[in-house]
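# Coordinates in review
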Amino acid sequence: GTLTTPTLSLSGGTLGGSGTVNVSGAATWTGGTVTGTGTTNILGGMTMSGSNAKTWAGSRTVNNGDSASAVTTSWTGGNMVANGSNNTFNNTVGATFDISSDNGFSGGGAFTFNNAGTLTKSAGSGTTSFGGWIMDFNNTGTVNVNSGTLSIGAANGGGTSTGVFNVAAGKT
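Just so it is clear, the structure is predicted and the values come from calculations on it, not from any experiment.

### What about the nonpolar core?
Counting 28 residues, the largest nonpolar core has Trp56, Phe97, Phe105, Phe113, Leu119 and Phe130 as the members making the most contacts within it. A per-element tally of this core places strand 4 (residues 27-34) first, with three residues. Aside from chain neighbours lying at most four places away, what touches phenylalanine 130 is Phe97, Ile99, Phe105, Phe113, Leu119, Met135, Phe137, Leu150, Ser151, Ile152 and Gly153.

Following this line, the structure appears as structure tokens:
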């Protein structure tokens, strides 16, 4: 089934299942787990903050925006941990994924990050890592590194890019 909610706050516990969750307004994720085979559509933007890990289990898909919604997800703190198989985050055309921390993706599960919008590392003088054991990073949009280092790579991952990478002077 499908559930539409005006807001979503995940600060612990689990969001799971095989259905679709549409979040029409603001979403916040400060800790806890997303799991199951379902889909979560972030249609009003999301903030991922706090020092707690944000864990992916099962094979959940999260869509940041859709073709009609130019939304922003801001990642300001806490590591992402992939423990399931085939977890996917889609940063859709017109959407923005803004990183203003030095946290990273890790874990032993399979994870795919698809960027068709704009991904920007806007703050943090250290490294943000898209790594883990099996992680694919696919870019058909724009990646901007305006601060610190953005590290993309995994022990058994891969990915493709037909998009653009812009790296500010002195950044990597």
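### Things to note about the environment of asparagine 166
Within the fold, asparagine 166 resides in strand 20 (residues 164-167). We classify asparagine 166 as partly exposed; its relative accessible area is 35%. With 22 residues separating them along the chain, asparagine 166 and asparagine 144 place their C-alpha atoms 4.7 Å apart. At 2.9 Å, the side chain of asparagine 166 and the side chain of asparagine 144 are in polar contact.

### A word on the sheet that holds strand 14 (residues 110-115)
Taken in spatial order, the seven strands make up an open sheet running 1-3-5-8-11-14-17, and their pairing is parallel. In this open sheet, the two edge strands, each paired with only one partner strand, are strand 1 (2-5) and strand 17 (134-139). Each strand axis lies, on average, 10° off the axis of its neighbour in the sheet, ignoring direction. Here strand 8 (residues 61-64) runs beside strand 11 (residues 87-91); their pairing, made up of four bridges, is parallel. Looking at strand 11, one finds that asparagine 64 is bridged to asparagine 91.

### What about the packing of aromatic side chains?
Across all of its chains, the model carries 15 aromatic pairs by this definition. Here the aromatic rings of tryptophan 29 and tryptophan 56 are separated by 5.6 Å at their centres, their planes lie at 65°, and the arrangement is edge-to-face. With tryptophan 29 in strand 4 and tryptophan 56 in strand 7 (residues 54-56), this pair connects stretches of sequence that are 27 residues apart. For the pair tryptophan 29 and tryptophan 56, a shared accessibility class is recorded, and that class is buried.

About the cut-offs
Along each chain, the written sequence defines residue order, and numbers are assigned to residues from 1. Residue-level local features of this predicted model are given only where pLDDT is at least 70; pairs of side-chain atoms are given and counted only at 80 or more, and the full residue set underlies all totals for whole chains, interfaces and linings. The side-chain values count all of the structure's non-hydrogen atoms but skip hydrogen atoms and water molecules. In this description, a nonpolar core means a group of buried Ala, Val, Leu, Ile, Met, Phe, Trp, Tyr and Cys residues linked to one another through side-chain atoms lying within 4.5 Å. Only protein chains enter the accessibility calculation, which uses a 1.4 Å probe; a residue is then buried when its area is under 20% of its type maximum, exposed when over 50%, and partly exposed in between. A run of DSSP states H or I qualifies as a helix once it reaches four residues; a run of E qualifies as a strand once it reaches two. Both are numbered from the N-terminal end. By definition in these notes, contact holds between two residues if any of their heavy atoms fall within 4.5 Å. N or O atoms within 3.5 Å of each other form a polar contact, as long as, within protein, one can give a hydrogen and the other can take it, and as long as residues adjacent in sequence are counted only when both atoms are side-chain atoms. Strands are labelled as partners when DSSP assigns at least two bridges between them. Fitted lines through C-alpha atoms give the axes, limited to the stretch in contact for helices. The angle between two N-to-C directions lies from 0 to 180 degrees. Any two rings among Phe, Tyr and Trp, with Trp reduced to its six-membered ring, count as a pair given centres within 6.5 Å; such a pair is stacked if its planes are under 30 degrees apart, edge-to-face if over 60, and tilted if neither.

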